[in-house]
Number of protein chains: 2
Amino acid sequence: MKINKYIGVRDFYPEDMVVENYIFDAWRKVANSFGYKEIDTPIIEPLELFTAKSGEEITSQLYNFTDKGDRKITLRPETTPSVARLVVQKQKELKKPMKWFSVSQCFRYERPQKGRLRGFVQFNADCLGVETPIADAENIALASNILLELGLTKDDFFIRLSQRELINSIFKNIKIKNIQPVFKLIDKKAKISEKDFVLGLKDNGLNDSQIDKINLLFTVKSVEDLEKSGLDYDKDAFENVKQISDYLTDFGLKDLMVLDLSVIRGFDYYTGIVFELYDRTGEFRAVAGGGRYDDLVGVFNGERCPGIGFGMGDAVLALLLEKKGLLKKLELSTDYFIAIMGEENSSYAIEVANSLRKKGNSVEIEVANRNFKKQMNYANSINAKNLIVIGDEETKNKSYKIKDLKTGKEK
Amino acid sequence: MKINKYIGVRDFYPEDMVVENYIFDAWRKVANSFGYKEIDTPIIEPLELFTAKSGEEITSQLYNFTDKGDRKITLRPETTPSVARLVVQKQKELKKPMKWFSVSQCFRYERPQKGRLRGFVQFNADCLGVETPIADAENIALASNILLELGLTKDDFFIRLSQRELINSIFKNIKIKNIQPVFKLIDKKAKISEKDFVLGLKDNGLNDSQIDKINLLFTVKSVEDLEKSGLDYDKDAFENVKQISDYLTDFGLKDLMVLDLSVIRGFDYYTGIVFELYDRTGEFRAVAGGGRYDDLVGVFNGERCPGIGFGMGDAVLALLLEKKGLLKKLELSTDYFIAIMGEENSSYAIEVANSLRKKGNSVEIEVANRNFKKQMNYANSINAKNLIVIGDEETKNKSYKIKDLKTGKEK
């Protein structure tokens, strides 16, 4: 019986796993450098953890099912609600701020396509318990520094910043009554024509003056632009974006920032700054996205606990790194291959392997009793850096020579 | 709405995750030292991958369900069948031997109890494509070296070795007709009384002479014991165990080995050596277990591909390490805490953090605008090693001092 892999999930052979681990290592390294601590939450969660805030319609995108004890459960589609659950469970004990990150397998029932999978790994970094522009800027800087750590530069990606309260205030002042459908339209603006966009706005009851102001909104690329635009906005929300922008400049990210008030973000739990990291060419989906969510913990009966966080998936990131040629250097290798000339020399070969492994080297010994030529082919196939041949002579003298397989020289 | 965690799965707060990562790091370090390469397979697999070999009854222990496209799928309960699937998919391209390991989330629908969870992480290490005693010994040594790496010693654990063909030949020579129920009885021998064990054997039609020989079998603790026992066994299978024992001696594991022909292992795909790592006190379940499975790839329509492998779960291992006091040294810490005296000094504080982070340090800066005393309390709560205070003076002079929080001295 031949059995195929399930659709939209991935197998990682050793050469694929090297890429995954390269990404995971960067996630952990940068998060640790910011003092964020790793946590983990279960892949299986009660279904209501996700329907509580997003409603029952979200189940069409979930891997939800009923367990053998009749409990409604789901594979998590994201980790932010789980993080909120962790906060509620220990809210009295936890020292604020909680700076947490996780590397989590997530699952969504979606039509698989390039960069969008049914099973993916998401990096999440959240700072909970404080409500300050510096915490926001630091979280955005953490996200950006991961891409820089992986070799991407300001020519490859940029940060799109927006602010929920700021955009809400502008919309209110333009006197748009029904904001949600307009948000949805803006969210898919990039995928539809200019004409269809304007028609859509008209369908939602916007007049020409309102449409002009929305189009004016899209010309804004910085806080300075917004100040000069003549648009009417909430001063506190503006001040918040300005402060975050200033801190991001301190973090060395000035050239990466764009104020883009068309950034909405899907989840409706965001309350303040929202941001996305995008590749400059716009070829891929967002590499990362997140924002401030000050009311989420409250939804789960916790005390109010403000938070800022973002998610970054492995799939789009790997595609972008591949495209930029940043994965070429990654290759599998083994420090030592120990060839064995005759089974009777295995004992000494094992002894040599033991001592090299104790020193932290990766060592393969011949386990297939092959002839010398075949052993050499294998040593090349695993990209062994050094060769040790153990024959009768070596066993007798309890000594061996190391040959560097790149230079061909004995060490 | 308060939402509780799903039963039998775990939340890992930062202090718990340190323990998990300590175990995962040891798994990866030792596997890499043996030249095994990391792979990963999907958590969701087609249901038939597990029913193909084990039959439909296994579904009672699975998290199986039907997806929204009417496909029968399951969360994996173990990874060995997935490994076989990976081999079949690329059998022509793969260079033998394939030495693969994985760190995999697995799920079983079981009654949760100490060391037995519904969601757990399993380390698997398999060597495929060869059929030699040295490959077997190396795989067993890899498992053992992980426990040694984690600080356990020969006083804490031992290796129970058995061999499927050897025990089959002994049973055949004792003329036991229906071997499977006798295997099942032996498997639960430790949990029932001596009397019930003998009664069970009698119920399965064994006479006194057969029962004597089975009890004789249990007195055997080494290959030498077996040779002297007078029991009648297959010579090749015996030679196989003897060779593996000799190699394990070369690997420095002589004091850890016990020949124990009562080791059966649940999975029926094993064909040769089988082994388990157990704590000496017998308080816990097996820490690791595995064996040779030469026919599994064939079940999935691949060409015959012999293999040896084992699994090791995180839960029992963590309990054992905890009991032996080996987790005490693990604690969260942060290299630097940067206190900020007044928001106006945040820019310079960020600048200092940037430079320390670039050097690979973990650095937290104050993000909550607290007074100095509260910042100091927080620095202690995160176990910060060093303190930097950024005030007006530091910002003006663009310089700062580092205080070692352990010694209290300035650096």
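Residues numbered from 1 in each chain as written. Chains lettered and ligands numbered in written order. Predicted model: local features only at pLDDT ≥ 70, side-chain atom pairs only at ≥ 80, totals over all residues. Heavy atoms only, no water.

## Focus on the packing of aromatic side chains
Piece 1. Considering all chains together, one arrives at 35 aromatic pairs over all chains under this definition.
Piece 2. Between Trp-27 of chain B and Phe-123 of chain B, the aromatic rings sit 5.4 Å apart at their centres with planes inclined by 25 degrees, giving stacked as the arrangement. Of this pair, Trp-27 of chain B sits in helix 1 (residues 14–33) while Phe-123 of chain B sits in strand 6 (residues 119–128), and the two are 96 residues apart along the sequence. For the pair Trp-27 of chain B and Phe-123 of chain B, one class covers both residues: buried.
Piece 3. With a centroid separation of 5.8 Å and an interplanar angle of 50 degrees, the aromatic rings of Phe-123 of chain B and Phe-310 of chain B are classed as tilted. With Phe-123 of chain B in strand 6 and Phe-310 of chain B in strand 11 (residues 307–313), this pair connects stretches of sequence that are 187 residues apart. Neither Phe-123 of chain B nor Phe-310 of chain B differs from the other in exposure class; each is buried.
Piece 4. Connected via pairs of aromatic rings, a cluster forms that spans Tyr-6, Tyr-63, Phe-65, Phe-107 and Tyr-109 of chain A together with Tyr-6, Tyr-63, Phe-65, Phe-107 and Tyr-109 of chain B.
Piece 5. Of note, Lys-90 of chain A hangs over the ring of Tyr-13 of chain B, and the distance from its end group to the ring centre comes to 4.2 Å.
Piece 6. Seen from the ring of Phe-34 of chain B, Arg-357 of chain A lies directly overhead, with NZ or CZ sitting 3.9 Å from the centre. (Phe/Tyr/Trp six-rings, centres within 6.5 Å; stacked < 30°, edge-to-face > 60°. Helix = DSSP H or I, 4+ residues; strand = E, 2+ residues; numbered from the N terminus. Buried < 20%, exposed > 50% of the residue type's maximum accessible area, 1.4 Å probe, protein only. Lys NZ or Arg CZ within 6 Å of the ring centre and 35° of its normal.)

## Some points on the interface of chain B and chain A
Interfaces are often sized by the accessible area lost when the parts come together.
Piece 1. Taken residue by residue, the interface counts 94 residues in chain B and 94 residues in chain A.
Piece 2. Between chain B and chain A, a total of about 8300 Å² is buried, with carbon and sulfur atoms accounting for 60% of that surface.
Piece 3. Connecting chain B to chain A are 8 salt bridges.
Piece 4. Close ionic contact of Glu-364 of chain B with Lys-99 of chain A constitutes a salt bridge, the shortest N to O distance being 3.0 Å.
Piece 5. Joining chain B to chain A, the criterion identifies 48 residue pairs in polar contact (both at pLDDT 80 or more).
Piece 6. Examining the composition of the side of chain B that touches chain A, we find that 6 residues originate from one element, helix 1 of chain B, more than from any other.
Piece 7. A per-class count over the side of chain B that touches chain A returns 45 nonpolar, 24 polar and 25 charged. (Contact = heavy atoms within 4.5 Å. Buried area = accessible area lost by both parts, 1.4 Å probe. Salt bridge = Lys/Arg side-chain N within 4 Å of Asp/Glu carboxyl O. Polar contact = N/O pair within 3.5 Å; in protein donor to acceptor, adjacent residues only side chain to side chain. Nonpolar A, V, L, I, M, F, W, Y, C, P; charged D, E, K, R; others polar.)

## Looking at the sheet that holds strand 7 (residues 157–163) of chain B
Residue and element names in this part refer to chain B.
Piece 1. The strand order across the open sheet built from 8 strands is 1-5-6-11-10-9-7-8, with neighbouring strands paired in mixed fashion. With one partner strand each, in any of the chains shown, strand 1 (37–38) and strand 8 (257–259) form the two edges of the open sheet.
Piece 2. Summarising the sheet, strand 5 (residues 98–107) and strand 6 pair through 10 bridges and their orientation is antiparallel. Bridge pairing in strand 6 links Cys-106 to Phe-120.
Piece 3. Packed onto the sheet, helix 10 (residues 235–250) meets strand 7, strand 8 and strand 9 (273–279) and runs at close to 155 degrees relative to strand 7.
Piece 4. Contacting strand 6, strand 9 and strand 11, helix 12 (residues 314–323) crosses the sheet at an angle of about 55 degrees to strand 11. (Pairing = 2+ DSSP bridges. Axes fitted to C-alpha atoms, helices over the stretch in contact; angles between N-to-C directions.)

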